[in-house]
Amino acid sequence: MAAELEGSKCLSGLLSGLAQDTFYGHPGITEELLRSQLYPEVSLEEFRPFLAKMKGILKSIASADMDFNQLEAFLTALTKKQGGITSEQAAVISKFWKSHKTKIRESLMNQSCWDRGLRSLSWRVDGKSQSRHSAQIHTPVAIMELEIGKSGQESEFLCLEFDEVKVNQVLKKLSEVEESISTLMQPA
Amino acid sequence: MEESSEPQLDAKSKVTSQLIDFEWKLGMAVSSDSCRSLKYPYVAVMLKVADHSGQVKNKSFEMTIPQFQNFYRQFKEIAAIIETV
């Protein structure tokens, strides 16, 4: 194997590139791009299995959302394995995971949301004054605009009108949700 | 000058919808193809809304817990204000 692949000099750059492609959904980071930018001396035949190995390691770490003890144990085992990694490489991977763990996890969580998400919410309360035929003078209404959408798709804007009764009904439902969340989050 | 219909006082009333029902589900994403250890709670919401012509549609979306907490806080603020108007 080429000496460059044993070293750790360009590994941090490689891991960043892999994370862009694998977790952050930025296409265009190709095998050839990574090779020519980071390991120009290495042939594609040698680079390909190396890249696959690093990608596999990164995916395993992210998939298990390893904490730092798990990570140390996992990397130590790899350094002892035939065709594994060197301890310099283990150090680079460990450093990389420490600084990217939160962001990668967030990105994986977003990928697991298949319905549309709530992108933004704005509201206004109007003192609605109605006309000569209506008894409802100065009934306040809340107008709420919800922006819902999914990454890579255009948002839909949903504009809702609520009177006081409706607001309180929704509020009651939301308090039920909150109660369920507290129950769920309670340590068993 | 004759007016045959109610004057339009709220220009937005043509585009706003009325909420008919608010259904919710608290879910926990446990594991997926890309992440075996997701453990990620979320709130899924299904709004039944009627537009100005009376047509009822379902609109669904998901919120993370921090997003839900913000959503809840906004509604509390609205309720506090609407009470004083």
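Quantities reported herein were computed from a predicted structural model and do not represent experimental measurements.

## Focus on the overall build of chain B
A count of helical and extended segments in chain B gives one helix and three strands. From first element to last, N terminus to C terminus, chain B shows the α and β order β-β-β-α. Considering chain B as a whole, with its 85 residues, one finds that 39% of them fall into the buried category. In the form shown here, chain B has an accessible surface area of approximately 5,100 Å², with 50% of it arising from carbon and sulfur atoms.

## Observations regarding empty space enclosed by the protein
Here the structure, examined in full by the defined rule, presents one cavity of 30 Å³ or more. Of the voids in this model, the largest cavity is the one considered here, and its volume is about 30 Å³. Lining the largest cavity are Met144(A), Leu146(A), Leu160(A), Phe162(A), Leu19(B), Phe22(B), Leu47(B), Phe71(B) and Phe75(B). The residue makeup of the lining of the largest cavity, split by class, is nine nonpolar, no polar and no charged.

## As for a negative patch on the surface
A cluster of like negative charges, contributed by Glu4(A), Glu41(A), Glu45(A) and Glu46(A), occupies part of the molecular surface. Tracing the sequence through the fold places Glu46(A) in helix α4 (residues 44-63).

## Some words on the UniProt feature "binding site: Cu cation" in chain A
In the numbering adopted here, UniProt assigns the feature "binding site: Cu cation" to His100(A), Met109(A) and His133(A). Checked against the element boundaries, His100(A) lands in helix α6 (residues 87-111).

## Considering α4(A)
In this model α4(A) runs 27 Å from its N-terminal to its C-terminal C-alpha over 20 residues, within 8% of the 28 Å that 1.5 Å per residue would give. Phe47(A), Phe50(A), Leu51(A), Met54(A), Ile57(A), Leu58(A), Ile61(A), Ala62(A) and Ser63(A) are the residues of α4(A) that are buried.

## What to know about the pairing of strand β2 (residues 40-50) of chain B
Residue and element names in this part refer to chain B. Within β2, nine of the 11 residues are buried, which leaves the element mostly enclosed by the surrounding structure. Of the strand pairs in this sheet, strand β1 (residues 17-29) and β2 are connected by 11 bridges, and their pairing is antiparallel. For Lys-25, the partnering residue across the bridge sits in β2 and is Ala-44. Pairing of β2 with strand β3 (residues 56-64) involves nine bridges; the strand directions are antiparallel. Paired with Val-43 across the strands is Met-63, a residue of β3.

## As for the layout of surface pockets
By volume, the largest pocket amounts to about 340 Å³. Lining the largest pocket are 15 residues; nearest its centre among them are Asn110(A), Cys113(A), Gly117(A), Gly149(A) and Ser151(A). Put simply, the parts of the chain that give the lining of the largest pocket at least two residues each are α6 and β1 (117-128) of chain A together with β3 of chain B. Along the lines of polarity and charge, the residues of the lining of the largest pocket split into four nonpolar, seven polar and four charged.

## A few points about the side chain of Ser94(A)
Residue and element names in this part refer to chain A. Structurally, Ser-94 can be placed in helix α6. Within the structure, Ser-94 has its side chain in polar contact with the side chain of Glu-72 (distance 3.2 Å). Not counting residues within four places of it along the chain, the set of residues in contact with Ser-94 comprises Leu-71, Glu-72 and Leu-75.

## Concerning the pairing of strand β2 (residues 139-149) of chain A
Residues and elements named next belong to chain A. Across the 11 residues that make up β2, a large majority, nine, are buried. Across seven bridges, β2 lies against strand β3 (residues 156-162) in antiparallel orientation. Along β3, the bridge assignment pairs Glu-147 with Phe-157. Between β2 and β3, which pair antiparallel and follow one another directly, the connecting turn spans six residues, one of which, Gly-152, has a positive phi of 85°.

## A word on the domain arrangement of chain A
Examined at the domain level, chain A breaks down into domain 1 (2-111) and domain 2 (116-185). For domain 1 of chain A and domain 2 of chain A, the distance between their C-alpha centres works out to 45 Å.

## What to know about the interface of chain B and chain A
Contacts between chain B and chain A engage 51 residues on the former and 56 residues on the latter. Of the roughly 5,000 Å² buried at the junction of chain B and chain A (both faces included), carbon and sulfur atoms supply 68%. By the criterion of area lost to chain A, the three top residues of chain B are Trp24(B), Phe75(B) and Ile82(B), representing 13% of everything that side buries. Applying the counting criterion to the chain B and chain A interface returns two salt bridges. Measuring nitrogen to oxygen at the nearest pair gives 2.5 Å for the salt bridge that ties Lys59(B) to Glu156(A). If you look at where chain B meets chain A, you find 15 residue pairs in polar contact (both at pLDDT 80 or more). Counting only elements with at least two residues in the side of chain B that touches chain A, the list comes to β1, β2, β3 and α1 (65-84) of chain B. In terms of residue count, the dominant contributor to the side of chain B that touches chain A is α1(B) (15 residues). Where β3(A) meets β1(B), two bridges bridge the pair, whose relative direction is parallel. Bridged to Glu161(A) within β1(B) is Gln18(B).

Thresholds applied
Residues numbered from 1 in each chain as written. Chains lettered and ligands numbered in written order. Predicted model: local features only at pLDDT ≥ 70, side-chain atom pairs only at ≥ 80, totals over all residues. Heavy atoms only, no water. Helix = DSSP H or I, 4+ residues; strand = E, 2+ residues; numbered from the N terminus. Buried < 20%, exposed > 50% of the residue type's maximum accessible area, 1.4 Å probe, protein only. Areas by Shrake-Rupley, 256 points an atom, 1.4 Å probe, with all protein chains shown as cover. 1 Å grid on protein atoms, 1.4 Å probe; cavity = no way out; pocket = protein on both sides within 12 Å on 5 of 7 lines; lining within 4 Å. Points joined across faces, edges and corners; volume = space filled by probe spheres on them. Nonpolar A, V, L, I, M, F, W, Y, C, P; charged D, E, K, R; others polar. Patch = residues over 30% accessible without salt bridge, like charges linked within 9 Å, V, L, I, M, F, W, Y side chains within 5 Å. Salt bridge = Lys/Arg side-chain N within 4 Å of Asp/Glu carboxyl O. Lys, Arg positive; Asp, Glu negative; His and termini not counted. Charge placed at Lys NZ, Arg CZ, Asp CG, Glu CD. UniProt positions renumbered as here; feature names shortened; annotations may be inferred. Expected span 1.5 Å × (residues − 1). Pairing = 2+ DSSP bridges. Polar contact = N/O pair within 3.5 Å; in protein donor to acceptor, adjacent residues only side chain to side chain. Contact = heavy atoms within 4.5 Å. Domains from an automatic or database assignment. Buried area = accessible area lost by both parts, 1.4 Å probe.

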